[in-house]
Amino acid sequence: MDIRNLMRSQLYFSLGLAIAFLGITFCSAWSVAFAAGAVLITLNFWALARIVQHLMYVRKGAVFTLLAIFYGKLIISGLGLYLVLVVWQLPVWGLVAGLSTVVVNATAWGLKNFGRKNA
């Protein structure tokens, strides 16, 4: 249940910030790069959460499944980064700021829930 709360928090935080920046800056290149980074990291985080929940119950073939999903995510993320940085030539710092939303969210969520016992 905690992973669902963390994922929900990531969605609200990253996509809320992305929409706010896009609206405030009238879709500047930096805010588009931020939004792209936020979407990329949120999708990666969601996939990781789904994989971990799935692999907890898999007994046979877990290593192959994990590697296949990992490399699939890596290829898709690489294509997304290629599009943002090479094709569209958006600012790197906007992308990095968008990608860092997962770190900020996980830290804030962890501090908020520090010391709580799961019932």
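Residues numbered from 1 in each chain as written. Predicted model: local features only at pLDDT ≥ 70, side-chain atom pairs only at ≥ 80, totals over all residues. Heavy atoms only, no water.

Once that is clear, we can look at the overall build of the chain. For the chain, the count of helices and strands is 5 helices and 0 strands. Ordering the α and β elements of the chain from the N terminus gives α-α-α-α-α. If one aligns the C-alpha atoms of the chain with their principal axes, the spans along those axes are about 50 × 35 × 15 Å. The 119 residues of the chain split such that 29% are buried. (Helix = DSSP H or I, 4+ residues; strand = E, 2+ residues; numbered from the N terminus. Buried < 20%, exposed > 50% of the residue type's maximum accessible area, 1.4 Å probe, protein only.)

Further remarks concern the side chain of Lys-73. Here Lys-73 lies in helix α3 (residues 62-87). Notably, Lys-73 is buried but unbridged: the nearest opposite-charge side chain belongs to Asp-2, and the N-O separation is 20 Å. Dropping the residues within four chain positions of it, Lys-73 is found in contact with Asn-44, Ala-47, Leu-48 and Ile-51. (Lys, Arg positive; Asp, Glu negative; His and termini not counted. Salt bridge = Lys/Arg side-chain N within 4 Å of Asp/Glu carboxyl O. Contact = heavy atoms within 4.5 Å.)

Here the focus is the environment of Gly-94. By the secondary structure assignment, Gly-94 is in helix α4 (residues 92-99). The exposure class of Gly-94 is buried, given its relative accessible area of 0%. A sequence separation of 27 residues divides Gly-94 from Leu-67, and the C-alpha atoms of the two residues are 30 Å apart. With sequence-adjacent residues up to four places away left out, Gly-94 is seen in contact with Trp-30, Ala-33 and Phe-34.

This brings us to helix α5 (residues 101-112). The end-to-end C-alpha distance of α5 is 16 Å, a good match for the 16 Å that 12 residues give at a rise of 1.5 Å each. When we look at burial in α5, the residues that qualify are Thr-101, Val-102, Asn-105 and Trp-109. Buried residues in α5, looked at end-on, bunch into an arc of 95°, giving them a common side. The exposed set on the far side of α5, more than 90 degrees from its buried face, consists of Val-103 and Leu-111. Where α5 is buried, its residues touch α1 (2-24), α2 (29-55) and α4. (Expected span 1.5 Å × (residues − 1). Arc of directions from axis to C-beta.)

All of the buried residues in α4 are Gly-94, Leu-95 and Gly-98. Taken down its axis, α4 places every buried residue within 100° of arc, on the same side. On the buried face of α4, the contacting elements are α2, α3 and α5.

Structural measurements only, silent on function.
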